[in-house]
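Geometric and topological summary
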Amino acid sequence: MSQQQTSTDRTWLTESSYVAMPYRSKTLSIDDYVLVCTGGPHKGLELRMNQDLVHIGRADWCDIALVNDKRISRHHCEIRLTDDGIRVRDLTSSNGTFLNGVRVFDGLFAPDATLKVGNSSFALRSNASTIEVKVNYHDDTGHLVGKSDPMRKIFSLLKRLGPWDVPVLLQGETGTGKSSVARALQAHSERSEEPLVTVNCGALPTTLVESLFFGYEKGAFTGADQRHLGYFEQANGGTLFLDEIGEFPLELQPKLLDVLERQCIRRLGGEQEIQVDFRLVTATHRDLQEALTTGEFREDLYYRLAVFKLDVPALRDRLEDIPLLVEYILSTLAPSESIQVTPAALARLQHYYWPGNVRELENVLRRGLIFMNNQTIDKEHIELPTQQEAPPPHTPTQTSPAAASHNSPLGPYTSLQDLLEAEEKRAIEAAIEHFDGNAKEIIPFLGLSRTAYYNRLQKYGLNR
């Protein structure tokens, strides 16, 4: 793998002579194939396989948008270019993904195989040559870095979602970087030159929420000495990012829904309606599905916000991204210095559970900068809670799972049992997302008994 950087890379990555970097990109040399729709309402549709991730579904933003196939889910499956060849992964579609008549969750798409999704079938047509496809471990804006599958999926989706004005709901634990994803989404959009207004709904005084969002006219209430433009008007033409949307007051949720549907507001104390045009991105660490059942969040507002849901992974689920994150964070904390990180320090970072996710990693590196010697962060400069230094079970901790897969047929897993459990966990997570946590639909889809399903939720630490 080349160790050279482009001029763009240098703006956000630092050099490190200690760590055997960089996993910034790789080039796949693959057979040149065209994916051809051989049957169904979109027969004749073609797409050259020259990108590392292809999305198939009924949604307009998909790379292969099968809008006329009613048996296709909105985001049905994805096709990935890997070192092993072309792979197909089902995204817990309602009607399944099939290779040569066999339903698969993740399978190798051989050149002589037939892929069936809904009423549509596909085959690979060879151009009898090879091509090189570059796989980047950062998004095009430089806001995000990562080489793990979940992050590469986010990079691909950002490109597709950017030009579309559909509302996006970001889901993930606190500190995973949802704000960074929102900034990247704004940078990918046609509103990139317009304002990005960020509001933390959990930090707003309840009594001031309405005036802060809608604004007010002079004299509207005691202390209103001049006209004030609210968040809706501030974001006009650009993007409004509402972080911790689950904390938005229940009594004001109908007014937020009304603004989204009519795209107009009225300032407090004002008489005229004002048109507003903004793209809405929201984020939450809460389970909004549970909030619906308890009445803490309106169902009609939820479905208006969650036109597209994007999961931001926890850091413990993407430990192979830590070397890149370390470089990126250090380049922002000390942009004029060349900080070195020893392998021992890096190994310690990759053997920690990270309950605070990327935000916690940044704080650990801040402390490391204070105590480092000779511009070098070593193991003793990494301060972590000792009770959480062991990695969680079934989580690969290798710096490069791709490299590990060359040494073992099980890839980054130490046993067949680990591999099977990891795949089972991934399938259950995908089913939970697809069916929005509805156990009545998830259980028969997975073919489990109710007891077995809840036992697995407890085993893998998954949220109901």
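Above: the structure in question.
Anyway, here's the lowdown on the structure attached to this text. All figures in this text were calculated on a predicted structure; none of them were measured in a lab.

Here's the deal with the overall build of the protein chain
Within the protein chain one finds 15 helices and 20 strands. For the protein chain, the proportion of contacts with a sequence separation of at least 24, taken over those separated by at least 6, is 65%. Of the accessible surface of the protein chain, which amounts to about 21,800 Å², a share of 47% is contributed by carbon and sulfur atoms.

What to know about the layout of surface pockets
Within this model, the second largest pocket holds a volume of roughly 560 Å³. In this structure, the second largest pocket is lined by 24 residues; those nearest its centre are T176, G177, S180, R183 and V358. Going through the elements one at a time, helix 3 (178-188), helix 9 (322-333) and helix 11 (357-371) are the ones with two or more residues in the lining of the second largest pocket. Here the residues of the lining of the second largest pocket are counted per class, giving 9 nonpolar, 8 polar and 7 charged.

Comments concerning the packing of aromatic side chains
Given two aromatic rings, one states the distance between the centres and the angle between the planes to describe the pair. In total, this model carries 9 aromatic pairs according to the counting rule given. On the numbers, 5.1 Å between centres and 85° between planes, the contact of F213 with Y231 is edge-to-face. Within this pair, whereas F213 is found in helix 4 (residues 209-214), its partner Y231 is found in helix 5 (residues 231-234), the two being separated by 18 residues in sequence. For F213, a relative accessible area of 1% puts it in the buried group. Assessed through its relative accessible area of 17%, Y231 is described here as buried. Considering the side-chain rings of F213 and F232, the 5.4 Å spacing of their centres and the 50° angle between planes classify their relative orientation as tilted. Linking F213 in helix 4 with F232 in helix 5, this pair joins segments that are 19 residues apart in sequence. In terms of burial, F213 and F232 fall into one category: buried.

How each quantity is defined
Residues numbered from 1 in each chain as written. Predicted model: local features only at pLDDT ≥ 70, side-chain atom pairs only at ≥ 80, totals over all residues. Heavy atoms only, no water. Helix = DSSP H or I, 4+ residues; strand = E, 2+ residues; numbered from the N terminus. Contact = heavy atoms within 4.5 Å. Areas by Shrake-Rupley, 256 points an atom, 1.4 Å probe, with all protein chains shown as cover. 1 Å grid on protein atoms, 1.4 Å probe; cavity = no way out; pocket = protein on both sides within 12 Å on 5 of 7 lines; lining within 4 Å. Points joined across faces, edges and corners; volume = space filled by probe spheres on them. Nonpolar A, V, L, I, M, F, W, Y, C, P; charged D, E, K, R; others polar. Phe/Tyr/Trp six-rings, centres within 6.5 Å; stacked < 30°, edge-to-face > 60°. Buried < 20%, exposed > 50% of the residue type's maximum accessible area, 1.4 Å probe, protein only.

Treat this as a map of the structure, not an account of what it does.
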